[in-house]
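Architecture at a glance
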Amino acid sequence: MKRILVIEDDLLMIHVVELIIKKEGHHADLAYNGKEAAMLLGTYDYDLVIADLKLPFPHLEELSAQLRAQRGRRSLPVIMILPAYFVMDSISSWFGMEAEEIIIRPFSPLELTTKIQALVN
């Protein structure tokens with residue numbers, strides 16, 4: 001069982017992602033904003049982070065710094081959930097975040113499951 005952090009401010013979306021993760025036999029911790037995510041990242045070691053990039057900017061900057069610190073200590077793959085209108089080339093320059101995988105909304109549960117399996121196995 002892998003420990004996965006889900007960072008999403010949309011209540012419906014975070015619970016859909018949580019159900020997908022649990023169905024695959026993994027544990028999901030939920031953070032509704034970047035501040036909660038930074039606290040959890042400082043407390044637990046995660047096997048994967050799934051993050052929504054529509055979080056409020058101050059929280060996202062704090063989260064980005066925490067992810068970089070965690071990644072400095074060990075490998076920590078990230079899947080970013082993006083709205084369809086985001087320009088993918090601009091993500092890193094806008095937010096200073098890097099991801100192993102990107103998912104564009106709307107997405108299918110199979111797409112998320114496939115990406116999770118690839119990164120945690």
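Structural notes, computed from the coordinates. Predicted model only: the values in this text are computed from it and were never measured. (Residues numbered from 1 in each chain as written. Predicted model: local features only at pLDDT ≥ 70, side-chain atom pairs only at ≥ 80, totals over all residues. Heavy atoms only, no water.)

1. Description of the nonpolar core
Counting 18 residues, the largest nonpolar core has Val6, Val17, Ile21, Ile50, Leu112 and Ile116 as the members making the most contacts within it. If you list the elements that add at least two residues to this core, you get β1 (3–7), α1 (11–23), β2 (27–31), β3 (48–52), β4 (78–82) and α5 (109–120). Top contributing element to this core by residue count: α1, with 5 residues. Setting aside residues no more than four positions away along its own chain, Ile116 makes contact with Ile4, Ile21, His26, Leu48, Ile50 and Ile79. Grouped together as the second largest cluster of nonpolar side chains are 15 residues, Leu5, Leu41, Leu53 and Val78 included. (Core = buried A, V, L, I, M, F, W, Y, C linked by side-chain atoms within 4.5 Å. Buried < 20%, exposed > 50% of the residue type's maximum accessible area, 1.4 Å probe, protein only. Helix = DSSP H or I, 4+ residues; strand = E, 2+ residues; numbered from the N terminus. Contact = heavy atoms within 4.5 Å.)

2. Details of the sheet that holds β2
Here 5 strands make up an open sheet; going across it, the order is β2-β1-β3-β4-β5 and the pairing parallel. Of all strands in the sheet, those bounded by a partner on one side alone are β2 and β5 (101–104). The mean inter-strand angle of the sheet, taken between neighbouring strand axes irrespective of direction, is 20°. Of the strand pairs in this sheet, β4 and β5 are connected by 4 bridges, and their pairing is parallel. Residue Leu82 lies in a different strand from β5, and its bridge partner there is Ile104. Those strands touched by α5 are β1, β3, β4 and β5, and its axis lies near 170° from that of β5. (Pairing = 2+ DSSP bridges. Axes fitted to C-alpha atoms, helices over the stretch in contact; angles between N-to-C directions.)

3. Details of helix α2 (residues 34–43)
Along α2, the residues that are buried comprise Gly34, Ala37, Ala38, Leu40 and Leu41. End-on, the buried residues of α2 take up no more than an arc of 165°, which puts them together on one face. Residues of α2 that are exposed and angled more than 90 degrees away from the buried face: Lys35, Met39, Gly42 and Thr43. With a side-chain oxygen lying 3.0 Å from the backbone nitrogen of Lys35, the N-terminal cap of α2 falls on Asn33. (Arc of directions from axis to C-beta. Polar contact = N/O pair within 3.5 Å; in protein donor to acceptor, adjacent residues only side chain to side chain.)

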